[in-house]
Amino acid sequence: MGYTVPMKRISLTLPLFAALAACACDDIQDEPAAETERFWHPPQVGQLETVAEFNHGPPPNFETPESVLVGFNDEIYISMALTGEIRKTEPDGSQSTFATLPIGVPLQPCGGLVGIVGAMAGDILGNVYVNVASCEAENRGVWRIDADGNAQKIASFGFEVLPNGIATFLGQLYIADSSGKVWRVPMTGGTPEVWADGPLLAQSGVMVPVTPPVPVPGPNGIQFFKKAAYVANSSQGTIVKIPFKKNGSAGTPEVYHTFEDPEVGCDDFAFDIIGRIYCTTDPAHTVIRIDRDHSEHILFDADDGLDGPTAAMFGRFDDRRTLYITNAQFPFFDEISPNNGPSLQKVELALPGYPFR
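Remember, predicted model here, so these are calculated numbers, not experimental data.

Colleague: Which parts of the structure should I look at to understand the overall build of the chain?
Modeller: For the chain, the helix and strand inventory stands at two helices and 28 strands. The burial tally for the chain puts 55% of its 357 residues in the buried class. Taken as a whole, the chain presents about 15200 Å² of accessible surface, with 53% of it coming from carbon and sulfur.

Below is the structure:
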């Protein structure tokens, strides 16, 4: 009996198939940057488009999209940092509340910030993993939401931990703790363990110049490329690379990139297939591409509609070249906001995201 492969998963063009076969993409990061760029031709950037706009008003609205996750059925999840809502957007554009996670009273201070829902990660079963920095001690930690919207806390953190970025790798969840560490916990749940720490992950104490001042997070976004974790330390204006040892423990952290502007750091980010990084820069209003030669390119700014961009993620199948970007426009940054409003935006790029699907 023959096996039929879903067309959406084989809808690549023949030239790209040939290119993938010829270039051994698993090793592409190890090739000289200039040669790789010439192989793929100059990067193309499309027009930024608004997918959805949100309500920045006072509670119960306070719709501040913090993180974006593209599911394996083309659905899009958006975490509303200050309300605990996980919004689900279907391919037809319809929206619904997927789950609401308990963070406490909106804008209530706790644990060095306020109660927030942070970044999200997903798996092929439709589960969504979410960092919840709740002001309610019993609800602070990592939550798993199944495909039906049922939510359960699977790991606990105390108030000394500010769980922010999250990523999956080989059955484990890796959590960027903005107070200065990276934690690891099984995707099935359990007790978190410190996977990596040290001075390169420390929070520097820099403050955002607003009234009252807000601390710039330390480890913020975390993503994987090949066999290493990459962590954006927003407070130090760096991206830190942490290789894996054969036993799964963390190797020695090293600075992978230092931003040209010391007042600009990366919030969350995404990789394309050849290892370029697309950084969102909240509370700044830019998306910056970092090429493999470490040159920086501002792709979009406030004039394009950005307003505190917090996260970026590529689509998976038909939209694998689409980069989705969340704009939070947090209310505590209103005095430095261009007032473009909170939104989900997207842009078509020349190359697909990593990992290639």
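Now, onward.
Colleague: Help me out: how do you make sense of the sheet that holds strand β24 (residues 287-290) in this one?
Modeller: Strand pairs in the sheet, formed through backbone hydrogen bonds, run parallel or antiparallel to each other. Strands sit in the order β22-β23-β24-β25 across an open sheet of four strands; the sheet is antiparallel. At either end of the open sheet lies a strand with only one pairing partner, and these are β22 (269-271) and β25 (296-300). Adjacent strand axes in the sheet meet at a mean angle of 25 degrees, parallel and antiparallel pairs treated alike. Pairing of β22 with strand β23 (residues 277-280) involves three bridges; the strand directions are antiparallel. Among the inter-strand pairings, A270 is bridged to a residue of β23, identified as Y278.

Colleague: Help me understand the sheet that holds strand β19 (residues 228-233), please; the structure alone is not making it clear to me.
Modeller: In space, the four strands of this open sheet follow the order β18-β19-β20-β21, with antiparallel pairing throughout. Each of the sheet's edge strands pairs with one partner strand only, and the pair in question is β18 (219-225) and β21 (254-258). Each neighbouring strand pair of the sheet contributes to a mean axis angle of 25 degrees, computed without reference to strand direction. Where β18 lies against β19, five bridges are found, and the strand directions are antiparallel. In the strand pairing of β19, I222 is matched with V231.

Colleague: I tried to follow the side chain of N127 on my own but got confused; where do I start?
Modeller: Within the element layout of this structure, N127 appears in the loop between β8 (116-122) and β9 (128-133). The exposure class assigned to N127 is buried, which follows from its relative accessible area of 13%. Here N127 is in contact with A121, G122, R144, I145, D146 and A147, once residues within four sequence places are set aside.

Colleague: What exactly am I supposed to notice about the pattern of salt bridges here?
Modeller: Where charged atoms from two side chains of opposite charge approach closely, those side chains can pair. The final tally for this structure, using the stated rule, is six salt bridges. Between R184 and E193 there is a salt bridge whose closest N-O contact spans 2.9 Å. Overall, the relative accessible area of 16% leaves R184 in the buried class. Residue classification places E193 among the partly exposed positions, given a relative accessible area of 38%. Here D291 ties to R289 by a salt bridge, and the two come within 2.6 Å at their closest N and O atoms. In this structure, D291 and R289 share a single accessibility class: buried. Taken together, the shared-partner salt bridges connect E63, E85 and R87 into one network.

Colleague: How should the nonpolar core be read in this particular structure?
Modeller: Burial of nonpolar side chains together is a common tendency in soluble globular proteins. Grouped together as the largest cluster of nonpolar side chains are 25 residues, with contacts concentrated most on I86, L101, V128, V130 and I145. If you list the elements that add at least two residues to this core, you get β2 (65-70), β3 (76-80), β5 (95-100), β8, β9, β10 (141-145) and β26 (309-314). Residue contributions to this core peak at four residues, all from β3. In this structure, L101 is in contact with T83, G84, I86, V117, V130, V132, W143, I145 and A151, ignoring residues within four places of it in sequence.

Colleague: Sorry, what's going on with unusual backbone geometry here?
Modeller: It is generally the case that most residues other than glycine have a negative phi and that most peptide bonds are trans. In this structure, the amide linkage connecting T211 to the following residue, P212, adopts the cis form with an omega of -10 degrees. Structurally, P212 is set in the loop between β16 (207-208) and β17 (214-215). Cis geometry marks the peptide bond from D282 to P283; its omega dihedral reads 10 degrees. Mapping P283 onto the fold places it in the loop between β23 and β24. In this structure, K226 takes a positive phi of about 60 degrees despite not being glycine. With respect to the helices and strands, the residue K226 is situated in the loop between β18 and β19.

Colleague: Got a minute to help me understand the state of the cysteines in this structure?
Modeller: Across all of its chains, the model carries two disulfides by this definition. Cysteine pairing in the chain follows 1-2, 3-4, where each cysteine in a disulfide is numbered by its order in the sequence.

Colleague: Just to check I follow, could you spell out the side chain of T281 for this structure?
Modeller: With respect to the helices and strands, T281 occurs in the loop between β23 and β24. For T281, a relative accessible area of 1% gives the class buried. One polar contact links T281 to T286, side chain to side chain, over a distance of 2.7 Å. Beyond its immediate sequence surroundings of up to four residues, T281 is in contact with V264, G265, D267, T286, I288 and P309.

Colleague: Would you take a moment to explain the pairing of β5 for this structure?
Modeller: Two faces belong to every sheet, and in a regular strand the side chains alternate between them. Pairing between strand β4 (residues 85-89) and β5: five bridges, direction antiparallel. Along β5, the bridge assignment pairs E85 with T100. If you look at the hairpin formed by β4 and β5, you'll find five residues sitting between the two strands, and G93 has a positive phi there, around 95 degrees.

Parameters at a glance
Residues numbered from 1 in each chain as written. Predicted model: local features only at pLDDT ≥ 70, side-chain atom pairs only at ≥ 80, totals over all residues. Heavy atoms only, no water. Helix = DSSP H or I, 4+ residues; strand = E, 2+ residues; numbered from the N terminus. Buried < 20%, exposed > 50% of the residue type's maximum accessible area, 1.4 Å probe, protein only. Areas by Shrake-Rupley, 256 points an atom, 1.4 Å probe, with all protein chains shown as cover. Pairing = 2+ DSSP bridges. Axes fitted to C-alpha atoms, helices over the stretch in contact; angles between N-to-C directions. Contact = heavy atoms within 4.5 Å. Salt bridge = Lys/Arg side-chain N within 4 Å of Asp/Glu carboxyl O. Core = buried A, V, L, I, M, F, W, Y, C linked by side-chain atoms within 4.5 Å. Disulfide = S-S within 2.5 Å. Polar contact = N/O pair within 3.5 Å; in protein donor to acceptor, adjacent residues only side chain to side chain.

Fair warning: the whole summary comes from geometry, so function is off the table for now.
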